Structure formats: structure tokens, C-alpha cells
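# Structural description and commentary
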Amino acid sequence: MSTPTIEREPVAADAIQSFTATLIIRRFDPEVDEEPRWEDFDVELFPTDRVLDALHKIKWEQDGSLTFRRSCAHGVCGSDAMRINGRNRLACKTLMKDLDITKPIYVEAIKGLPLEKDLIVNMDPFFESFAAVQPFLIASSKPDKERRQSPAERERFDDTTKCILCAACTSSCPIFWTDGQYFGPAAIVNAHRFIFDSRDDGSQVRLDILNDKEGVWRCRTTFNCTEACPRGIQVTQAIAEVKQAIMRGKP
Amino acid sequence: MSEKSAGTVSAPQPDKKYPLPKLSAPKMPRGTLYRGNTGMWSWVLHRITGVAIFFFLLVHILDTALVRVSPEAYNAVINQYKTPIMGLGELGLVVAIGFHALNGLRIILIDFWSVGPRYHKLMFVVVILLWIVLLVGFTPRHLMHVFGG
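Residue numbering note: each chain is counted from 1, following its sequence as written. Chains and ligands are labelled sequentially in the order written, the chains with letters from A and the ligands with numbers from 1. Only residues with pLDDT of at least 70 get local features here, since the model is predicted, and only at 80 or more are side-chain atom pairs given and counted; chain-wide, interface and lining totals rely on the full set of residues. Only heavy atoms go into the side-chain values, all of them from the structure, while hydrogens and water stay out.

## Let's talk about the side chain of Asp118 of chain A
Residues and elements named next belong to chain A. Mapped onto the secondary structure, Asp118 falls in the loop between strand S6 (115–117) and strand S7 (120–121). The buried category is assigned to Asp118, whose relative accessible area is 2%. Counted as a polar contact is a pair of N or O atoms within 3.5 Å, where, for protein atoms, one must be capable of donating a hydrogen and the other of accepting one, and residues adjacent in sequence contribute only when both atoms are in side chains. At 3.0 Å, the side chain of Asp118 and the side chain of Arg27 are in polar contact. Contacts were defined at the residue level, with two residues in contact if any of their heavy atoms lie within 4.5 Å. Here Asp118 is in contact with Arg26, Arg27, Phe28, Asp29, Ser65, Leu66, Thr67 and Ala109, once residues within four sequence places are set aside. Only runs of H or I of at least four residues qualify as helices and only runs of E of at least two qualify as strands under DSSP, and these elements are numbered from the N terminus. Only protein chains enter the accessibility calculation, which uses a 1.4 Å probe; a residue whose area is less than 20% of its type maximum is buried, one above 50% is exposed, and one in between is partly exposed.

Next up, the structure:
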């Protein structure tokens, strides 16, 4: 069966040239499949399109059963983390022109979390370890005015405030794949955000939690997390800072 | 009449197994290999060399312990080590220990040096260069000993 999208001519000859890209998507329907399977789709795209646009075209024009998460589609909500050509990326931030379109593009769900359907995984273990590090301000003192913080003190944890909880880092971590007990980079990043916040009084609690056997010491500095982070957070650096804080006994 | 009975006739129950559509899919149901960078591959190599060194140490402790059993048995085992196959094994041991030691220093710097994580790739290049220098110095001389130079 031919798809109408393939034969369609570009609107204008001098416009940006479109091309046909092949996407090979690892699909899994729990009601039908026992094992995930690969399925390929040909999509006509522009170099300025993103992988998310390709997935939309497939879902809207070719196969409505293709299942994936996306909400804002602009790299803020963190719902569409997936493995694109073997690397964790946000589909909404990965442009087609940055991929090698002469070869098929492999798209699959992130690794290490239970696969639910197609590109959707169960994020519960991820959010459980996020919640376990108490990612909220713990302040015992009740000041009369606002809690003052100098720009330098704010700068100390600025990098780790950028996290959007997309799980690209945690599901790129070889330790997390083999041992789901490990807190994972995202939880440690969000602990770092409060451990080094001068307004927070709960640092010791979080350092004790992360000093666990399955805490920061499981990090083997593979730097997969740092390279996967769509927000450019220096994840491994943050984990190393938490390790050093635990050894010092204070942030 | 037929319309009325149509509601009561139950649709044929689909089998538990649906027919799967034929797909031109590459045989890779396990998913692709994660394409990590130098950090991930240095970790893989570190783990492989680490396990290899562990097994060497196990054998090494056993053969050294033999001297308590009988010095003759110990000498017999040590003489076995002077064969060319064991000589190549020793080369492999130096290859593994050389990488494991140098990369271990790199990991220590990543964990303890405040700017270590920023220079992890540069440090990996330095580790590989030092490793090569070490092996270039060691290998010819060692092979001369093994093959009677």
C-alpha cells in the first residue's frame, strides 16, 4: 500500500527541499506482541522538521496506533524523551538535519524502565526515586521577611535548577539499566539543587539518603547522563559534588 | 426479524493470538546498543580489565600458596609459566593492568578534583597515550625474553 505523503511534490520548487526519511520504530503492543518488534515508516520531511514532527506525520497520516508521549512539544515539559539512533534525546529538540538521513533513523523507548506500549515506559520507578530525595525546600526557620540569597549563593546550584524530569539521563545510565535500585542521575541532580541551596536546612537529610549503598556511590562516571541531558546540565559534575559533600559531611 | 436477531447473536470471539502483520523489520528485538561516548567505553574497558585482573590475582594467590604445600610443587607450577603461551598471557596482564591503573587515576581525578568532570575526555586521551607509551616500552623487550632473544 502506497502512502500519499511519499509521492507529494514540494509546494514550491525554490522552497526548502523536502526529502523522504525512513524511521524504524521499535513497537510493542502489550495486547498483541510478546516481544517488541521493529517497524519502518517512510515520511516526507523538511530538514527543519524535528523527529517529533516525523512521529506526528506517522500517527496522523499512516498509523494511528503509534503511541508516544508529548505535551508541550518545545523542550520544556520533558515528556518525549526517547532513544534516537541509540542516544537519549528529546524528540521535540532533535532536528532532522542533525541526523544522517541517508540511513534509517532508529527510534525506540528509553531503556531501563518497564515498557508499556511503543515509545511509552512506566515512569513510576523514576518518580519514586525523585520523591525519595525530598526535592522540596526544607526550612525550619520562619523569617519575618523573604529569605535573602546573594547572587553567588544562587549561582551555586543554578545548573541543577534546569531539570525537566524527562528521564533521559537516568535511562542512559548503565548502572540504572542493570540495577533499578540505583537512585539515578535525575534524582541526584534534584537533590543537588536543594543540598547547595543556602536557604535550605535539610541538606544533611538528603546527604544521608544519598550516602546509601544505592546512592551516589553507584555512579561509575560514564558521562552518558551529561551527554543525554537536553538541558545541558553537567550531571556527572553535580553527582561528583554531592559525593564530595557527603565526604566533607556538609554542603 | 433479522435485525432483531442480529443484536442477540454474539460476535465470534477473537482468538487469544491475533495474526501478526508481516513486517520488514531488522532482526534486533533487543533494541539498539546505547551509543555512549568515551566515558561509557572507558567504563566498559575498566570493568573488563578489572574482572580479568581479579582472576589473575586468584590464580596468583593459589600458586603462591603452593609453596606452603611443597616447594617442589611450587617450582613445577612456576616452570610451567615460562612457556610462550604464558608469556603472551603476561603481556595481556600488563595490557590490562596498565589500562586499569591509568584509568583508575582518571576516575579518582573525576571524583576528587573539582574541575575533573570538565576534563574527563582530555584525561581519557592522556590515559590512552600513556598506556601506548607504556606498552611500546614493554612489549618488544618482554617478547624478546619470552621467545629467547
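## Some details on the sheet that holds strand S4 (residues 87–90) of chain A
All names here are of chain A. At least two bridges found by DSSP between two strands are what make those strands a pair. Taken in spatial order, the five strands of this open sheet run S2-S1-S5-S3-S4, and their pairing is mixed. If you trace the sheet from one side to the other, it starts and ends with strand S2 (37–45) and S4, each paired once. With strand direction ignored, the average angle separating the axes of adjacent strands in the sheet is 35 degrees. Of the pairings in the sheet, the one linking strand S1 (residues 19–27) to S2 comprises nine bridges and is antiparallel in character. When the bridges of S2 are listed, Leu23 appears paired with Phe41. Between N-to-C directions, angles cover 0 to 180 degrees, with each direction set by a line fitted to C-alpha atoms, over the stretch in contact for helices. Contacting S1, S2, strand S3 (81–84) and strand S5 (105–108), helix H2 (residues 51–62) runs over the sheet at an angle of about 100 degrees to S2.

## Here's the deal with the interface of chain A and chain B
Facing the 35 residues of chain A at the interface are 31 residues of chain B. Accessible-area loss on putting two parts together, using a 1.4 Å probe and summing over both, is the definition of buried area adopted here. Interface of chain A and chain B: buried area, both sides summed, is about 2900 Å²; carbon and sulfur atoms make up 53% of it. For chain A, the biggest contributors to the area lost against chain B are Trp38, Arg87 and Phe223 of chain A; these three give 20% of the whole. Definition used for salt bridges: Asp or Glu carboxyl oxygen within 4 Å of a side-chain nitrogen of Lys or Arg. Linking chain A with chain B are two salt bridges.

## Re the pattern of salt bridges
All names here are of chain A. All chains considered together, the criterion is met by 18 salt bridges over all chains. One salt bridge in this structure joins Arg193 and Asp197, with 3.0 Å as the shortest N-O distance. You'll find Arg193 and Asp197 in the same group, each marked buried. Via salt bridges that share partners, Arg27, Asp33, Arg37, Glu39, Asp63 and Asp118 belong to a single interconnected network.

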